Amino acid sequence: MGISILGMGRYVPEQVLTNDDFTRFVDTNDEWISTRTGIKERRMAGWEPTWYMGREAAMSAIKSAGIDPADIGLVISCTATSDFHTPSMSSIIQHQTGAVNAAAFDMNAACSGFVYALDTARRFLETDDNMKYVLVVANEALSRFIDFSDRASCILFGDGAAAAVVEKSDKLFSSHLGSDGSGAELLCARALNVAPEVALKNGFKDPFPEMELHKLRQNGKEVYKFAVQALPRAFELAAEKVNITKDDIDWFVPHQANIRIIETAAKKLGAPMEKFIVTLDHYGNTSSASIPLALCESIENGLIKRGQKLALIGFGAGLTYGGIILEY
Ligand code: COA
């Protein structure tokens, strides 16, 4: 059983931070950021909480799907940058969108979140005959977790949200989700203070013992190495289940972390860059929101059309990765 994406919506904060803006408070320059990452600007949440961006994206997805929110059976919000440890973003969004009959939970698979959540949505739809629609919302405010004194990471991220309303269908669908927790320490933001020696004794080596709470730290080079093998692998593992090759795909919608990662993945797959949707130049890396933002924008501007075959491929902290092949 597959799914049909009935409608999508998105929200990005108004505030734009360009590479040149960064030079006012970080020792960097547009040339370095552009050539190393492909990013030119990103959006920064000002007053907007994460749930608010998700709510706005969700409302517009519901409108575009033309459904009654009371018919939504489940709201899944994927986020690594929740406003609260509890309540979940999805419970707030469930209430605010009028999805009065829906269950709600959050899911954190970092930047692979949307791929994980969409696949989870399909599984709920498949096993629950009474479930009509699932609302998947990806909402992220990375700017609140950035360490602006770390110039190699602070220039990468941006804020935003996108959402999709899905229902069951017999269209093409395949997925593969994966995780390699041996790289868990490569990309971290600490939520609570646990003494490093306690963590170490219990099997997880604290990578950044001096790390401030809620600040993102990463080993950029190692994450890069993981990413360039994870993206092609995510596609290939999903594709082989349905006998699809890269030539059957109309559009690859990859996680938007770095143009060099996408170019290397394209080369490894032997697929032309023209088939890869790229939005990181104007949004940066918005974690789980990056794939649905790219998807939604490309549907709105007419690039992606009904009937086309898409490959959504992501990777992120965890380290997680995942691929979905579906017909739009
Ligand atoms: N502006 C100017 N110079 C910078 C800089 C910046 N913003 N950030 C780092 N530099 C400098 C470094 O200090 C270093 O200088 P040195 O050679 O004098 O020591 C030099 O640039 C090279 O740094 P390096 O870290 O080796 O760069 P890189 O080519 O590995 O690129 C990343 C860094 C972060 C862009 C790259 O590793 C990357 O994209 N990794 C993946 C990260 C990612 O996608 N994370 C999210 C995953 S979901």
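Residues numbered from 1 in each chain as written. Predicted model: local features only at pLDDT ≥ 70, side-chain atom pairs only at ≥ 80, totals over all residues. Heavy atoms only, no water.

A separate point is the site of the ligand. Taken together, 21 residues sit near the ligand, with Thr28, Arg36, Gln218, Lys221 and Asn258 positioned nearest. Taking arginine 36, its side chain carries an N or O atom lying 2.7 Å from an oxygen atom of the ligand. Glutamine 218 is positioned with one of its side-chain polar atoms (N or O) 2.9 Å from a nitrogen atom of the ligand. Surface burial for the ligand is 74%, taken as the share of its 970 Å² of free accessible area covered by protein chains. Listing elements by their share of the shell around the ligand, those giving two or more residues are helix H2 (30-37), helix H6 (151-154) and helix H8 (220-239). (Near = heavy atom within 4 Å. Polar contact = N/O pair within 3.5 Å; in protein donor to acceptor, adjacent residues only side chain to side chain. Areas by Shrake-Rupley, 256 points an atom, 1.4 Å probe, with all protein chains shown as cover. Helix = DSSP H or I, 4+ residues; strand = E, 2+ residues; numbered from the N terminus.)

Next up on the list: the domain arrangement of the protein. When the domains of the protein are assigned, the result is domain 1 (2-171) and domain 2 (174-327). Placing the centre of domain 1 and that of domain 2 at their C-alpha centroids yields a distance of 14 Å. Each partner contributes to the interface: domain 1 provides 49 residues, whereas domain 2 provides 48 residues. Counting the surface lost from both domain 1 and domain 2, the interface buries some 3900 Å², and carbon and sulfur atoms represent 61% of this. On the domain 1 side of the interface with domain 2, the three residues burying the most area are Arg10, Cys111 and Val115, jointly 17% of the side's total. At the boundary of domain 1 with domain 2, the tally comes to two salt bridges. (Domains from an automatic or database assignment. Contact = heavy atoms within 4.5 Å. Buried area = accessible area lost by both parts, 1.4 Å probe. Salt bridge = Lys/Arg side-chain N within 4 Å of Asp/Glu carboxyl O.)

Bringing the nonpolar core into the picture now. Among the nonpolar cores identified, the biggest contains 47 residues, and Phe235, Phe252, Phe276, Phe315 and Ile325 are the most heavily contacted of them. Tallying contributions element by element places H8 first for this core, with 11 residues. Residue assignment places this core across two domains, with domain 1 (2-171) and domain 2 (174-327) each supplying three or more. Excluding its chain neighbours within four sequence positions, the residues that come into contact with phenylalanine 315 are Cys111, Ser112, Phe226, Ala227, Ala230, Leu231, His255, Ala257, Ile261, Thr320 and Tyr321. (Core = buried A, V, L, I, M, F, W, Y, C linked by side-chain atoms within 4.5 Å. Buried < 20%, exposed > 50% of the residue type's maximum accessible area, 1.4 Å probe, protein only.)

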